[in-house]
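# Topology and contacts: notes
Here's the letter readout for the chains.
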Amino acid sequence: MSSSNPSRSFVIRPCTQVYLALMGLTATTYLIGTAAAPEQGPGLGLSLLVLGFALLKSHLIGDYFMGLRGLHGPWRWVILLWLLIPGGLILTAFVLSA
Amino acid sequence: MKYRSQAVARPYFIAAIGLFLAQIVFGVILGIQYVVGDFLFPEIPFNVARMVHTNTLIVWILMGFMGAAYYLIPEETERELYSPLLAHVMFWVFLAAAALTVAGYLIVPYARLAELTGNDILPTMGREFLEQPTITKVGIVIVALAFLFNIGMTVLKGRKTAVSLVMLIGLLGLALLFLFSFYNPTNLVLDKYYWWWVVHLWVEGVWELILGSMLAFVLIKTTGVDREVVEKWLYVIIAMALITGLVGTGHHYFWIGAPEYWQWWGSIFSALEPLPFFMMTVFAFNMVNQRRRNHPNRAAVLWALGTSVLAFIGAGVWGFLHTLAPVNFYTHGSQITAAHGHMAFFGAYVLINITMISYAMPLLNGREANSMRSQVLEMWSFWLMSVSMVFITLFLTGAGILQVFLQRFTDTPLPFMVVQEKIALFYWLRLISGLVFLGGLVVYITSFFVAARDARQGIAPVAKDAELAPVNP
Amino acid sequence: MTATIATHQDRYPPGDLAIWIFILAELAVFAIFFAAYAFARMGDVALFDHYQATLDKDAALLNSLALITGSYCVVRALAAMREDHRAASVRWLIAALGMGTLFLVVKSLEYAHHLAAGVRLSTNTFYMFYLSLTFFHFMHVIMGMVILAAVAWKAHRGGYSAREHTGMETGGVYWHMVDLVWLILFPLVYVMR
């Protein structure tokens, strides 16, 4: 998960970097959601971008927070593989309904 | 047998197998009546035979559960049963109630039975699976309370293990949920809710806890795997079973007049109901593969593995087959349901009881395992019953698919009875499978007598060299 | 299981393997729920888009940030425990619980608003999904907090150390799962259209 070295004050821990990335991506998602007129929405392209953000964020959670990063073998990919299922189905449904 | 009071399990197991035989005989009668409509009419009409078939099933499974609890709880809690006498008395009360009820079904017309037993005072009769006269239901409650008191006191005073606690919670739930059967509202929608809260929450809720704990117990004993490992699996399995099973009740609310959102809730959660059963399969095979010993009772291990596989197929896969609302819209109450019902009850609850009986009976008779000859017979009966049940399921599924298509799906639907004639071939094939199943059961019962004779002649269970050889140390 | 974890630390994820099996099962439920939402939406895009606009995106953003921060707190709690800073570890866990509480409060206010407006499960398919999905997740937040509280209590009592803190890892990964699910739920239900 986080660096096990005793961190010096000016070094940002990897987990903190991931945390900031998650916060940033979430804020971006919010901005995309609120920027467009309420009756129109962000549209398919931006919606899929937002979905991509969500999958990326979940992958980061799995890798850094849940500690899958650095594993060998099937457990390394378990969250990523799971993400493909809802991700793929949501993608399909949104593309088909656009 | 480590504790003397475990011996009270013996009559329960014997009665369970006796009622099992009765259930299957009536099953065969029903199988004939499906294709020869007036067989045994007017002595045993179809509805009566069906009632006996399903009610004896429920009673013998409950008998088996109780016997299992009486066997397993002293060993888990490491103390004698609180009151062996109470357990003995309750056995006879329960057996008498069951016998009188079945006799009532067979001797007098159902309406007359209702009259005789005072159904007017507290009407509870007339609902599928809950046909028992009100006084029988009261009897069941008394037996269940005495049983729970006995088991509960033993657990309270003894060592608390995950296996015994899960079993106790399951049995407690079983007894409490049965109380819903006393409420019989005139509003049909309400009535269906309460009815399912007994029927569904039993078989897809609390019974799964009992099943899980019995399977865990037998696996701990026969494989020698660390209790800690087994308990962890047990917790995960029952947590999943409860989450999916409780909300999964929604799959019975699709068409009874409940709000529409149940079609989503019921579909989504019950789609996951196969998961705990799948975990059970993985669990059982894992434990057997990691075994620290080769238990001389090979038959019990076979039954245990069979339980985990066939419960997954019957309850899991065949349940999933028709659990999604858009599918169930067509398949509801068809032979697909019958196929699922047969395989699920057999795979989960019949086999777990036989697993327990197969493991415990030799010990109750003072030997670790039966002679190899007896065990070979048991294994034969396992394959005969399991394979014939697979065929019963497949034939009923075939019948169900045709039925759903001809009667409901096609643009020119045919009347019910016309369709029944068209699918009669499947019913004949099912009947043949049913006869093989009965044969398998007879082989199973024979194995007990062979075991007793071999024991008298002093024949050892297995060759000495295979005994307790460490595997994967 | 436990024995294998100890000897193959680079093959098995942190925490008890049983929790991972449980998490996978939970994730399966959510995956089906998400897919059901997306495909149900296909049937009536206009309805979904119309009622989606009635949701409070500000509250959802606040909740997302709360859960991410809560997850981060748990990561820091574990990092602190690995360096044997027990007091700091407990403080991070309490902070995580605070984030969970914030989530519950904000979400409850959202529910109160919708319920006051007469929204029910039977109102329409969109609200059915909105209420069902978020409430199912809501229950998971509560469950995660119960687990975290137990872990925090045990940590406070000195039950974990730098050498042995599997229980804390176990509680932690469950909490992250609750976060992970919300990170998909938020864009799917509140933003994507």
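### Let's talk about the interface of chain A and chain C
Facing the 55 residues of chain A at the interface are 50 residues of chain C. For chain A, the biggest contributors to the area lost against chain C are Met66, Trp75 and Trp82 of chain A; these three give 17% of the whole. Inspection of the region where chain A meets chain C yields eight residue pairs in polar contact (both at pLDDT 80 or more). Mapped by element, the contributors of at least two residues to the side of chain A that touches chain C are helix 1 (14-35), helix 2 (43-65) and helix 3 (78-97) of chain A.

### Some points on helix 3 (residues 45-52) of chain C
All names here are of chain C. Listed in full, the buried residues belonging to helix 3 are Phe48, Asp49 and Gln52. Projected onto a plane normal to the axis of helix 3, the buried residues spread over an arc of 95° and lie on a single side. In helix 3, the exposed residues that point more than 90 degrees away from the buried face are Ala46 and His50. Elements that come into contact with the buried residues of helix 3 comprise helix 2 (17-43), helix 6 (125-156) and helix 7 (166-191).

### Describing the packing of aromatic side chains
All names here are of chain C. Counted under the stated rule, the structure contains 70 aromatic pairs over all chains. An angle of 90° between the planes, with centres 5.8 Å apart, marks the rings of tyrosine 37 and phenylalanine 129 as edge-to-face. Here tyrosine 37, found in helix 2, pairs with phenylalanine 129, found in helix 6; they are 92 residues apart in sequence, far enough to count as distant. Judged by its relative accessible area of 0%, phenylalanine 129 is buried. In this structure, lysine 107 is placed above the aromatic ring of tyrosine 111, and the distance from its NZ or CZ to the ring centre is 5.3 Å.

### A short note on the arrangement of the chains
There are two pairs of chains in contact here, and the one with the most contacts is chains A and C. These two, chain A and chain B, are apart from each other, with no contact and a minimum C-alpha gap of 14 Å.

### Things to note about the environment of tryptophan 264 of chain B
By the secondary structure assignment, tryptophan 264 of chain B is in helix 9 (residues 261-271). As for tryptophan 264 of chain B and histidine 251 of chain B, which are separated by 13 residues in sequence, their C-alpha atoms are 8.7 Å apart. Here tryptophan 264 of chain B is in contact with Ala36, Ala40, Thr125, Met128 and Phe129 of chain C, once residues within four sequence places are set aside.

### A word on the side chain of histidine 340 of chain B
Along the chain, the position of histidine 340 of chain B falls in helix 13 (residues 335-364). Contacts of histidine 340 of chain B, omitting those with residues within four sequence positions, involve Gly314, Ala315, Trp318, Gly319 and His322 of chain B.

### Points about the packing of helix 13 of chain B against helix 16 (residues 424-456) of chain B
Residues and elements named next belong to chain B. Across the interface, helix 13 lies against helix 16 with an axial gap of 13 Å and an inter-helix angle of 5°. Between helix 13 and helix 16, the crossing angle belongs to the class labelled roughly parallel. Together, Gln335, His342, Phe346, Ile354, Ile357, Ser358 and Met361 of helix 13 and Tyr427, Arg430, Phe437, Tyr444 and Phe448 of helix 16 make up the contact between the two elements. Looking at side-chain class alone, the contact of helix 13 with helix 16 contains eight nonpolar, three polar and one charged residues.

Cut-offs applied
- For every chain, the first residue of the written sequence is number 1, and numbering continues from 1 along that sequence.
- Chain letters and ligand numbers both follow the written order, the letters beginning at A and the numbers at 1.
- Whole-chain, interface and lining totals are the exception, using all residues; otherwise, since this is a predicted model, local features are given only for residues with pLDDT of at least 70 and side-chain atom pairs are given and counted only at 80 or more.
- Note: side-chain values were computed over all heavy atoms of the structure, leaving out hydrogens and water.
- Throughout, a residue-residue contact means that at least one pair of heavy atoms, one from each residue, lies within 4.5 Å.
- Put simply, buried area is the surface a 1.4 Å probe can reach on two separate parts but cannot reach once they are joined, added for both.
- Definition of a polar contact: a pair of N or O atoms within 3.5 Å, with one able to donate and the other able to accept a hydrogen when the atoms are protein atoms, and with sequence-neighbouring residues admitted only if both atoms are side-chain atoms.
- Helix and strand definitions here come from DSSP, where helices need a minimum of 4 consecutive H or I residues and strands a minimum of 2 consecutive E residues; each element is numbered from the N-terminal end.
- Remark: exposure states derive from per-residue accessible area (1.4 Å probe, protein chains only) relative to the maximum for the residue type, with buried under 20%, exposed over 50%, and partly exposed in between.
- Note: the arc covers the axis-to-C-beta directions of the helix.
- Aromatic pairs are defined between Phe, Tyr and Trp rings, using the six-membered ring for Trp, whenever the two ring centres lie within 6.5 Å; interplanar angles under 30 degrees are classed as stacked, those over 60 as edge-to-face, and all others as tilted.
- A ring is scored as having a charge over it whenever the NZ atom of a lysine or the CZ atom of an arginine sits within 6 Å of its centre and within 35 degrees of its normal.
- To obtain an axis, a line is fitted to C-alpha atoms, over the contacting stretch when the element is a helix, and the angle between two such axes runs from 0 to 180 degrees between their N-to-C directions.
- Angle categories are assigned with fixed cut-offs, so that under 35 degrees is roughly parallel, over 145 is roughly antiparallel, 65 to 115 is roughly perpendicular, and the rest are oblique.
- Polar here means any residue outside two lists: the nonpolar Ala, Val, Leu, Ile, Met, Phe, Trp, Tyr, Cys and Pro, and the charged Asp, Glu, Lys and Arg; Gly therefore counts as polar.

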